[in-house]
Amino acid sequence: MAGALAEYAAARRMERRLGMVARPLGTGRGGVLLRLGKALNMTGAVAAQTLARRDRTAAVGAGAALLAGALCTRFGIFHAGLESSRDPRYTVQPQRARLEEAAARESGS
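Attention here is on the structure that accompanies the text. Computed from a prediction, not measured in an experiment: that's the story for all the values here.

A word on the overall build of the protein chain
No. 1: The helix and strand inventory of the protein chain stands at 4 helices and 0 strands.
No. 2: Secondary structure elements in the protein chain, listed N-terminal to C-terminal, are α-α-α-α.
No. 3: For the protein chain, the C-alpha radius of gyration of 19 Å lies well beyond 13 Å, the compact-globule estimate for 109 residues.
No. 4: Based on the C-alpha atoms only, the size of the protein chain along its principal axes is roughly 65 × 30 × 15 Å.
No. 5: Going through the 109 residues of the protein chain one by one, you find that 27% of them count as buried.
No. 6: Put simply, of all contacts in the protein chain between residues at least 6 apart along the chain, 73% involve residues at least 24 apart.
No. 7: Between the mean site of the 17 positive side-chain charges and the mean site of the 8 negative ones, the protein chain shows a separation of 7 Å.

Put into structure tokens, the structure is as follows:
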């Protein structure tokens, strides 16, 4: 349960910190896999805490849901990275913004 919650919190923090570059995490194949991963992780965590304590089959199902959720999350991030690398909005614009910030700091110093 703690691992599933930590993974969910880390994913939310990553999305907030990335800003506009995080857009591919919610679209396309990556977005679908990430949403599926979150659902499987939460379902597996809840099942592990409630049903799995009394039933071995439920414990196996909860473990399988947690494993599938983790895999979906990893592959979702991978596919979102591929999508963002194909679109210059997510590669060139952030680089330009960093260069402009550095130039502004140098000229202001």
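A word on empty space enclosed by the protein
No. 1: In this structure the tally under the stated criterion is 1 cavity of 30 Å³ or more.
No. 2: Considering only enclosed or pocket space, the largest cavity measures out at about 70 Å³ in volume.
No. 3: The wall of the largest cavity is formed by Ala4, Glu7, Tyr8, Ala11, Leu34, Gly37, Lys38, Asn41, Met42 and Thr73.
No. 4: Of all elements in the fold, only helix H1 (2-18) and helix H2 (28-49) reach the threshold of two or more residues within the lining of the largest cavity.

Things to note about the packing of H1 against helix H3 (residues 56-86)
No. 1: At their nearest, the axes of H1 and H3 sit 12 Å apart, and the two run at 15° to each other. In terms of their interaxial angle, H1 and H3 are classed as roughly parallel. Where H1 crosses over H3, the two elements pack in a sense that is left-handed. When H1 is examined against H3, the residues Ala4, Glu7 and Met14 are found in contact with a partner set consisting of Leu66, Ala70, Thr73, Arg74 and Ile77.
No. 2: Its residues assigned to classes, the contact of H1 with H3 shows 5 nonpolar, 1 polar and 2 charged.

Side note on a nonpolar patch on the surface
No. 1: A cluster of nonpolar residues, Leu67, Leu71, Phe75, Phe78 and Leu82, forms a patch on the protein surface that exposes about 490 Å² of accessible area.
No. 2: Summarising the element assignment, Phe78 is placed in helix H3.
No. 3: For Phe78, a relative accessible area of 48% corresponds to the partly exposed category.

Rules of the game
- Per chain, residue numbering runs from 1 following the sequence as it is written.
- The predicted origin of the model limits local features to residues at a pLDDT of at least 70 and limits the giving and counting of side-chain atom pairs to 80 or more, whereas totals for whole chains, interfaces and linings rest on all residues.
- Think of the side-chain values as coming from all heavy atoms in the structure, minus any hydrogens and water.
- Secondary structure follows DSSP: runs of H or I at least 4 residues long count as helices, runs of E at least 2 residues long count as strands, and numbering of each begins at the N terminus.
- The globule rule used for comparison is 2.2 Å times the number of residues to the exponent 0.38, while the radius of gyration itself is calculated over C-alpha atoms.
- Each residue's exposure class comes from its accessible area (1.4 Å probe, protein chains only) as a fraction of the maximum for that residue type: buried when under 20%, exposed when over 50%, partly exposed otherwise.
- The criterion used for residue contact is that any of the two residues' heavy atoms lie within 4.5 Å.
- The positive count covers Lys and Arg only, the negative count covers Asp and Glu only, and His and the chain ends enter neither.
- In this description, the location of a charge corresponds to atom NZ of lysine, CZ of arginine, CG of aspartate or CD of glutamate.
- Definitions used for this entry: grid spacing 1 Å over protein atoms alone; cavity, a set of points where a 1.4 Å probe fits but cannot get out; pocket, an open set with protein on both sides within 12 Å along at least 5 of 7 lines; lining residue, one with an atom within 4 Å of a point.
- Grid points are joined across faces, edges and corners, and a volume is the space filled by probe spheres set on the points.
- Lines fitted to C-alpha atoms define the axes here, with helix axes fitted over just the stretch in contact, and angles between the N-to-C directions of these axes take values from 0 to 180 degrees.
- Throughout this description, any angle smaller than 35 degrees is read as roughly parallel, any larger than 145 degrees as roughly antiparallel, any in the 65 to 115 degree range as roughly perpendicular, and the remainder as oblique.
- Handedness of a crossing is defined here by the sense of rotation of the near helix relative to the far one, left-handed for an anticlockwise turn of less than a right angle and right-handed for a clockwise turn.
- Under this grouping Gly is polar, as are all residues other than the nonpolar Ala, Val, Leu, Ile, Met, Phe, Trp, Tyr, Cys and Pro and the charged Asp, Glu, Lys and Arg.
- Patch building starts from residues that exceed 30% relative accessible area and form no salt bridge, then joins like charges within 9 Å and nonpolar side chains (Val, Leu, Ile, Met, Phe, Trp, Tyr) within 5 Å.
- Methods summary: accessible areas were calculated by the Shrake-Rupley approach with a probe of 1.4 Å, and residue burial reflects only the protein chains presented.
- A side-chain nitrogen of Lys or Arg and a carboxyl oxygen of Asp or Glu constitute a salt bridge if their distance falls within 4 Å.

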